[in-house]
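Analysis of the macromolecular model
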Amino acid sequence: MALVEPLDRLHDGCRVMAQEKTLRPEAPATPSLGDKIRYGSPLYNEIAEFYIDEALLLDDNRLLEWVATLTEDLVYTAPMRVTRMNEDPVSDIVRSVQHFDDNFTTISLRARRLTESRNVWAENPRARTRRFVSNVSAHHTAKQDELAVVSYVLLMRNKAESPNYTFVTARRNDVLRLVDGKLKLARRESIIDMSVLGVPHLVTFL
Amino acid sequence: MTGNQHMRNGTTLPDGTKIEDLVRKQTQEVMLRVYDDQDLHDLEMQKVFARSWLLLGHESEIPNPGDFVTRNMGSDPVIVARTTDGAIHVSLNVCTHRGMRVALPAAGNTRMFRCVYHGWTFRLDGQFTGAPVASEQMHGNILEASQLGLKQARVTLYAGFVFASWNIDGPSLDEFLGDMKFYLDTIFARSDRGIEVCGPPQRFIVDANWKIASEQFACDGYHVLSLHQSTRELGLRGRPETLDPRTLAGLYAVEVADNGHSLRCVNAAQYYERAAAPVDDPDPMVQLSILPPVGFTPEMVPQLPKHLSLGQLQLLAKSAPSIGSIFPNSALICIYRPKLGGFLTPMMCIHTFVPLGRGRFEFINWFLAEREAPPEMKAEMVRAGILFMGTTGMVESDDAETWPHIQANAAGAMSRQQTIKYQALAGENKPSDWPGGGAVYAGFSKDDTQWRWWNRWTDFMTDAV
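Residues numbered from 1 in each chain as written. Chains lettered and ligands numbered in written order. Predicted model: local features only at pLDDT ≥ 70, side-chain atom pairs only at ≥ 80, totals over all residues. Heavy atoms only, no water.

**What to know about the overall build of chain A**
As a reminder of what qualifies: Strands here are runs of E lasting at least two residues and helices are runs of H or I lasting at least four, both read from the DSSP assignment and numbered beginning at the N terminus. Per-residue accessibility, obtained with a 1.4 Å probe over protein chains only, is compared with the maximum for each type, and a residue is labelled buried under 20%, exposed over 50%, and partly exposed between these values. Contacts: residue pairs with any heavy atoms within 4.5 Å of one another.
When helices and strands are tallied, chain A shows four helices and seven strands. From first element to last, N terminus to C terminus, chain A shows the α and β order α-β-α-α-β-β-α-β-β-β-β. Out of the 206 residues in chain A, the part that is buried amounts to 50%. The contacts in chain A between residues at least 6 apart in sequence include a share of 62% that link residues at least 24 apart.

**Topic: the pairing of strand 19 (residues 344–355) of chain B**
Two faces make up the sheet, and in a regular strand the side chains alternate between them. Residue and element names in this part refer to chain B. Applied cut-off: One requirement defines pairing of two strands: DSSP has to find at least two bridges between them.
Among the twelve residues that make up strand 19, twelve are buried, leaving the element largely enclosed by the rest of the structure. Residue alternation in strand 19 divides its side chains into two sets, Leu344, Pro346, Met348, Ile350, Thr352 and Val354 and Thr345, Met347, Cys349, His351, Phe353 and Pro355, and both sets are buried. The antiparallel pairing of strand 19 with strand 20 (residues 361–370) creates a hairpin that spans five residues between the two strands, and Gly357 there sits at a positive phi of about 85°.

**What about the packing of aromatic side chains?**
Condition: Stacked, edge-to-face and tilted labels apply to pairs of Phe, Tyr and Trp rings (six-membered ring for Trp) whose centres lie within 6.5 Å, assigned for plane angles under 30 degrees, over 60, and everything in between, in that order.
Enumeration over the complete set of coordinates arrives at 32 aromatic pairs over all chains. Pairing Tyr39 of chain A with Tyr44 of chain A gives two aromatic rings, centres 5.1 Å apart and planes at 55°, and the pair type is tilted. Assessed through its relative accessible area of 8%, Tyr44 of chain A is described here as buried. Judged by centre distance (5.2 Å) and plane angle (65°), the ring pair of Tyr252 of chain B and Phe444 of chain B falls under edge-to-face. Highlighted residues: Tyr252 of chain B in strand 15 (residues 252–258) and Phe444 of chain B in strand 22 (residues 439–444), separated in sequence by 192 residues. Classification of Tyr252 of chain B by relative accessible area gives partly exposed; the value is 43%.

**A look at the pattern of salt bridges**
All names here are of chain B. Here is the rule: Put simply, a salt bridge is a Lys or Arg side-chain nitrogen that is within 4 Å of an Asp or Glu carboxyl oxygen.
Applying the stated criterion across every chain yields a total of 40 salt bridges over all chains. Taking the shortest distance from any N to any O, the salt bridge between Arg264 and Glu255 comes out at 3.0 Å. Each of the two residues, Arg264 as well as Glu255, counts as buried. Taken together, the shared-partner salt bridges connect Asp15, Arg33, Asp36, Asp37, Arg358 and Arg416 into one network.

**Some words on the sheet that holds strand 11 (residues 154–158) of chain B**
Residues and elements named next belong to chain B. Quick note on the threshold: To get an axis, a line is fitted to the C-alpha atoms, and for a helix only the part in contact is used. The angle between two axes follows their N-to-C directions and goes from 0 to 180 degrees.
Here we have three strands laid out as an open sheet, ordered 3-12-11, and antiparallel in their pairing. Here the strands that pair on one side only, and so sit at the sheet edges, are strand 3 (54–58) and strand 11. Shown here is a sheet whose adjacent strand axes are inclined to one another by a mean of 30°, direction ignored. Bridge analysis of strand 11 against strand 12 (residues 161–165) gives five bridges, and the strand direction is antiparallel. Bridged to Val155 within strand 12 is Ala164.

**Here's the deal with the confidence of the model for chain B**
The predicted structure's coordinates, where accompanied by low pLDDT, should not be read in detail. Worth spelling out the cut-off: As a per-residue quantity, pLDDT reports the predictor's confidence and falls between 0 and 100.
Overall, the predicted model of chain B reaches an average pLDDT of 92, with 91% of residues at or above 70. In the predicted structure, residues 1–9 of chain B sits below a pLDDT of 50 and forms ten contacts with residues beyond four places in sequence or in another chain.

**Here's the deal with the environment of Asn209 of chain B**
For Asn209 of chain B, the location among the structural elements is in the loop between strand 14 (202–206) and helix 6 (210–217). The contacts of Asn209 of chain B, once residues within four sequence positions are left out, are Val34, Tyr35, Arg358, Gly359, Arg360, Phe361 and Gln407 of chain B.

**A few points about a nonpolar patch on the surface**
The test is simple: A patch consists of residues exposed above 30% relative accessible area that lack any salt bridge, with like charges linked at up to 9 Å and nonpolar side chains (Val, Leu, Ile, Met, Phe, Trp, Tyr) linked at up to 5 Å. Accessible surface area values rest on a Shrake-Rupley calculation with a 1.4 Å probe, where residue burial reflects the displayed protein chains alone.
Nonpolar side chains collect at one region of the surface, where Met85 of chain A together with Leu104, Val116 and Tyr117 of chain B lie side by side and expose about 380 Å² of accessible area between them. With respect to the helices and strands, Leu104 of chain B occurs in the loop between strand 6 (88–92) and strand 7 (107–109). When its relative accessible area of 42% is taken as the criterion, Leu104 of chain B is described as partly exposed.

**A short note on the sheet that holds strand 7 of chain B**
Residue and element names in this part refer to chain B. The antiparallel open sheet is built from four strands, whose spatial order is 6-5-4-7. A single partner strand is all that each edge strand has here, and the edge strands are strand 6 and strand 7. On average, adjacent strands in this sheet sit at an angle of 30° to one another, irrespective of strand direction. Relative to strand 7, strand 4 (residues 67–73) runs antiparallel, the two being bridged by three bridges. Bridge pairing in strand 7 links Val69 to Ala107.

Pasting the structure below:
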């Protein structure tokens, strides 16, 4: 990037480029669900295998290989939860401010920081993690190449010399897309089950 | 806890240690023990948290009558509620009957608070309205209904921020903020419609004493070079290959402090150079129209002179207050960051570090924007904030990982007697044309403002204020 930027670029920066379409105040459009993909069918097995492989990449900190399994139009978010009474009509899921609100560029940047920098003091020494992914239910969508998949994740995390684990559970609403015969992650919304996160940070991907 | 006893011999812990032994003014050292001492913590709840003004949130979180959020003032739960006349009340969230929490959720809207235990009810302003089975007068006949309301904190709004204090007859919020208000106005009180929160705050737990985070935000710029080195490696703080200190992290700056609060005012020349703009134009509005304040659009810039003095405009144009702390436990960040594939991204956050016992605090992180800013700009500010700050932030995750290690060390038999040091002092050196008040330190970010933070803490702990 040139050190001296033209003024119109600067004002763009201040006005913020509308074409980035960053505003996500409401729930993302739920893909219109088609037929359920039956448990144990060949396609279901392929989806399950995607998650098994993905968990291994993430737990082995092969994050740049993981990034290669993401589509470039990725939307990666993690809403917040605000405790409300049962009768309150307002949802306890909050998307105006979230824990993650990332695209392919920023997720790649986070992955580079976690893998390329020796100075990533949040994760050097890095936590030992284990992701347990279960309860996978999948549907076809109106788009022939896209599948809507719900899964549960239990992320166990042990840090340094601590004798204890910290853990996070979430429901993941994913869109997987078939690209050149392989499944890629196009959309992930991890709805974490905590309102006050019991961890000092959550730089680990869910 | 024998509060009155402590008030009488205010500066001495049960083992005979005086506050002055912990914060050593002669050598500018603080004993590490201050982070892990139950007696000290209990004293702090009374002497610091029950007597300071505490930032609890922003009025835009509860825009409608009946809206409320629950928060903490030190170790005490409170309800921040908007009444039907639009006023904001802060009530102790403790039923006057048997001590139950009268508001259970984090947020909601209600006509009244009804304790679930026996059903006593309270208005939004905390007034007691009745106990079930009125025919039996279940609140007795010793106290009047007017004496049974929820305990009320004193409330003052500043730029929409809700500040509350139990020190009912103490200094006003204006007096408490002192000379810092001049600087804070340039961030929070400079536009026609003011600022607002972009949503509820992020909340997470750090196993560390609240003071570790609070004193860091009292302008510890120095740690950025080491702890946040990874963001520089990634090219997110100027070009990685340059060692120009102005682009390093804004560490050659002007730090200002008063009453324990402090702010780092960052030289804007680095941005102007990148924008090929005049660095030294005598008219601040020329520069501000080229580089609007963080969170402003170019179209909003003409509003500035309506709200700010010439001195404040000069400050905003040349050395905008950017990062700092509001004593005792709040912090703010209002900065431009290099934009990915673009020029600059504005971001604005407020933090509070709420003590949960001596070794743990809740980190509360609000994202802010100018109310008038277009929605896309607000969204971009939130996204930038999420990327760098708070729960998943590439900057603050490094801080949150570091603080618990300090906390663990403060428990060691030898370690707790070691001191933390604030011996790199620049001394006050206010530039002759500096427009604001307070103690002013120009140059590299040193220990002065953090040392002032500890002195203010000492003043509270020894009843000197």
